[in-house]
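# Residue-level structural notes
Now for the letters of each chain:
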Amino acid sequence: MDNGILQVTISKPEGIVTRVSYQGIDNLLEIRNHESDRGYWDLVWSEEGTGGTTGTSYVIKGSKFKVMVENEEQVEISFTRDWSTSLEGKHVPLNIDKRFVMLRGSSGFYSYAIYEHLKEWPGFKLPQTRIVFKLRKDKFRYMAVADNRQRRMPLPDDRSPRRSSPLAYPEAVLIVHPVESEFKGEVDDKYQYSCENKDLHVHGWICNDPPVGWWQITPSNEFRSGGPMKQNLTSHVGPINLAMFLSAHYVGEEMVPKFQLGEPWKKVFGPVFFYLNTLIDNNDPLWLWEDAKQETKTQVQSWPYNFLASDDFPKSEQRGCVSGRLRVSDRYVSNEHISVNGAYVGLAPPGDVGSWQTESKGYQFWTKTDENGYFLINDVRAGDYNLYAWVPGFIGDYKNDTIIIITSGCDIDMGELVYEPPRDGATLWEIGIPDRTAAEFYVPDPDPKYINKLYVNHPEKYRQYGLWERYSDLYPNGDLVYTVGVSDYRTDWFFAQVTRKKDDGKYEGTTWQIKFNLDHINQTGTYKLRVALATAYVAELQVRINNPKANPPLFTTGVIGHDNTITRHGIHGLYGLYSIDVKGTLLMEGENTIFLTQPMCSSALQGLMYDYIRLEAPPS
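Reading the values: rules and limits
Residues numbered from 1 in each chain as written. Predicted model: local features only at pLDDT ≥ 70, side-chain atom pairs only at ≥ 80, totals over all residues. Heavy atoms only, no water. UniProt positions renumbered as here; feature names shortened; annotations may be inferred. Helix = DSSP H or I, 4+ residues; strand = E, 2+ residues; numbered from the N terminus. Pairing = 2+ DSSP bridges. 1 Å grid on protein atoms, 1.4 Å probe; cavity = no way out; pocket = protein on both sides within 12 Å on 5 of 7 lines; lining within 4 Å. Points joined across faces, edges and corners; volume = space filled by probe spheres on them. Nonpolar A, V, L, I, M, F, W, Y, C, P; charged D, E, K, R; others polar. Domains from an automatic or database assignment. Buried < 20%, exposed > 50% of the residue type's maximum accessible area, 1.4 Å probe, protein only. Contact = heavy atoms within 4.5 Å. Salt bridge = Lys/Arg side-chain N within 4 Å of Asp/Glu carboxyl O.

## Details of the UniProt feature "domain: Rhamnogalacturonan lyase" (unreviewed entry) in the chain
Under the UniProt annotation, "domain: Rhamnogalacturonan lyase" (unreviewed entry) lies at residues 341-413 and 427-615. Split by type, residues 341-413 is 0% helix and 49% strand. Its first and last C-alpha atoms lie 19 Å apart. Secondary structure across residues 427-615 divides into 5% helix and 39% strand, with the first and last C-alpha atoms of the span separated by 6 Å.

## Comments concerning the sheet that holds strand S32 (residues 481-483)
The strand order across the open sheet built from five strands is S32-S36-S42-S38-S39, with neighbouring strands paired in mixed fashion. Two strands in the sheet have a free side with no partner beyond their single neighbour: S32 and strand S39 (555-556). One ladder, built from two bridges, connects strand S38 (residues 542-545) with S39; its direction is antiparallel. Residue pairing in the sheet places Val543 in a bridge with Phe555 of S39.

## Some points on empty space enclosed by the protein
Any space left empty among the atoms is revealed by the rolling of a water-sized probe across them. Counted under the stated rule, the structure contains four cavities of 30 Å³ or more. Looking at the largest cavity, its volume works out to about 130 Å³. For the largest cavity, the lining is made up of 15 residues, of which Met229, Lys230, Gln357, His572 and Gly573 are closest to its centre. Residue composition of the lining of the largest cavity, by class: seven nonpolar, six polar and two charged. When residues of the lining of the largest cavity are assigned to domains, at least three fall in each of domain 1 (6-137 + 210-302) and domain 3 (427-616). Of the volumes computed, that of the second largest cavity is approximately 60 Å³. In this structure, the second largest cavity is lined by Tyr462, Gln464, Gly466, Leu467, Trp468, Phe495, Thr565, Ile566, His569, Gly570, Ile571 and Met609. Residues that form the lining of the second largest cavity fall into these classes: seven nonpolar, five polar and no charged.

## What to know about the environment of Glu14
Secondary-structure assignment places Glu14 in the loop between strand S1 (6-10) and strand S2 (17-22). With relative accessibility at 28%, the residue Glu14 sits in the partly exposed group. Glu14 sits 46 residues away from Ile60 along the chain, and the two C-alpha atoms are 7.8 Å apart. Leave out the neighbours within four places in its chain, and Glu14 touches Ile60, Lys61, Gly62, Phe79 and Lys98.

## Quick word on the pattern of salt bridges
Scanning the entire structure with this criterion turns up 41 salt bridges. Note that Asp473 is salt-bridged to Arg470, the shortest N-O span being 3.2 Å. Taken together, the residues Asp473 and Arg470, both in helix H2 (residues 469-474) and three residues apart, mark about one turn of the helix. It is possible to trace a salt-bridge network through shared partners that takes in Asp424, Lys528, Arg530, Asp581, Arg614 and Glu616.

## Considerations on the environment of Gly525
By the element assignment, Gly525 lies in the loop between strand S36 (510-518) and strand S37 (526-539). Overall, Gly525 belongs to the buried group, its relative accessible area being 12%. Spatially, the C-alpha atom of Gly525 lies 33 Å from that of Tyr388, the residues being 137 residues apart in sequence. Once you skip the residues sitting within four places of it in the chain, Gly525 turns out to touch Val582, Lys583, Gly584 and Pro618.

Right, here's the structure in full:
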């Protein structure tokens, strides 16, 4: 594909991108790699009934090639791979159609794919699918994920065994003998550059000589799984540039779509835009990032694209829209309905309250309310949906029980919707901010041995490696004690309840205490303890009141969570809310103590992150 601005070479019929030529650079992709290991779609799959989030990794290679459109304005080419019963057990039971599109006058190219499973085909699981581009390591050294998350990166050679030391898991290494001395003593870990879907619209790499930027632009999240808070990988040492469509990261097996025999399925992943730019009237390479952000706005405004040749991608006039107003009713905050600014409202396939967090087969469409609570969700694909929402500052999840049927050209006004967040009585005390993350709590400085310079004095310092080890340093002999009215959650509440490392190298569970005073007790009433968790990883939360040895505890979650957030510097995974009845007879006038025990302790990486805790008085 060649439009006079760039040239893209793709193998036929496999559909592997082997060369991208631009601005006098013969190939922006890593020429040291085999041609099949430069630019490709891949997936991970496993047969029905297998557990976990892993499987067989497969680079998607077409067996047929077809030109779908070829004129002065556009070329679109297709690489298809059909499945048949002779491939059972050997290949994922999907028909896959990979497309590449180039437009006249455009400094880039698009890619999308259509995956289809027929109902008579065997079941399977699909833990991951994505697009991977491996750029030239001698050219692309500067990576940008956000305005405040960009840096010059180490070389892939710095991760080799002779130049690095292994850390707690394979993705993280300590660079000890780098090719360039500036990276000595730094941690490299691809998870440090993860990003939430809602913020993940453009990321990429800059080459200084000549000044060239490579950017992956995602104009819509409709085809990404897990909703706006789902975190995905972006770019990392390689230099590697990823377009992640589906992964289990920060969620676990609940995120993995499982297809059964008799279950037909079709989904369009993408299109995403691979944008190349260069300096014209400017000599600052960082201008390439600013230009990429502007191009992202252009692509977002052009969504849904009207130039694609596949009928499986509906144009704007074939889609519908949904509008309305969301308000909150909480009589302990206000006697009036509360207009909420910045609440998240979305359409996702029908399910339970909060099910959008782990939804992975269909499409999702999200927006935020304005200052008066009004929302508009445009360009929704035809289908059946529920409307979901959550409101920063209030606990829980909203779901409207109406099945919303989107048809071509429809315009549905939902009217005024009222969310009543869980509430029994007045707030006696609270810890944290109900925003579904643990970011407001105390995040320590990392061990000086494990620094990523990008996150020094950075608002997202939780992305530093090894912070779980700092708990044992700060609390070597006893656990955290928080006194309501005296302690400050910003400095006195550690961001994660993790295990403590003992002198013998083993780990032990931890019990945190919340101390609070009550002047008067309603002995016949029932108080309510609300505990919102931001994440959990093979952990258990046991709650006891005034007796640390009560057996059984007043409440336990049981063993929960496979988010792996503590390891992957994510500050949140799956959100969960627990409402616990506390009989007045369990409380005392004067000082009381709530004991929060996390007993699971087979590794350093188990634990919980809290979002918010509140004690409510009995209803009045």
